[in-house]
Amino acid sequence: NQAAPKKVWPPIEPLEIRRPVMSVGSQVHGTGSCKPCAWFWRPQGCSNGQECGQCHLCSAAELKARKKAKKSASQKLKAAEAQAAS
């Protein structure tokens, strides 16, 4: 029995010099329907590399803005539900 060959990814660039790169999830970047990769802009980087299903073209600021918008929408929904229940 032979073990399946382990995939070897290119080394992750240090955060200080890292630039946005294409990934599978980046194909719809610019349409507003991509999902920013939460790992790409962290020091350890994204271990999925170009095969990542999330967008590596979105900036760290875009990720933060989308999280903030999602949280705000969730809070508004909860407030509306609480008001409707009373």
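This text follows the structure it describes.
So, here's what we can say about the structure. Since this is a predicted model, take the numbers as computed values, not measurements.

**Comments concerning the layout of surface pockets**
One number sums up the size of the second largest pocket: a volume of about 170 Å³. Around the second largest pocket, the lining residues are Lys-35, Pro-36, Ala-38, Leu-63, Arg-66, Lys-67 and Lys-70.

**Observations concerning the pattern of salt bridges**
Using the criterion set out here, one finds 1 salt bridge in the structure. With a shortest N-O distance of 2.6 Å, Arg-66 and Glu-62 are connected by a salt bridge. Placement of the pair is Arg-66 and Glu-62 together in helix 1 (residues 60-85), with a separation of 4 residues, close to one helical turn. In this structure Arg-66 comes out as partly exposed when scored by relative accessible area, which is 27%. Since its relative accessible area comes to 30%, Glu-62 is described here as partly exposed.

Cut-off values and rules
- Residues numbered from 1 in each chain as written.
- Predicted model: local features only at pLDDT ≥ 70, side-chain atom pairs only at ≥ 80, totals over all residues.
- Heavy atoms only, no water.
- 1 Å grid on protein atoms, 1.4 Å probe; cavity = no way out; pocket = protein on both sides within 12 Å on 5 of 7 lines; lining within 4 Å.
- Points joined across faces, edges and corners; volume = space filled by probe spheres on them.
- Salt bridge = Lys/Arg side-chain N within 4 Å of Asp/Glu carboxyl O.
- Helix = DSSP H or I, 4+ residues; strand = E, 2+ residues; numbered from the N terminus.
- Buried < 20%, exposed > 50% of the residue type's maximum accessible area, 1.4 Å probe, protein only.

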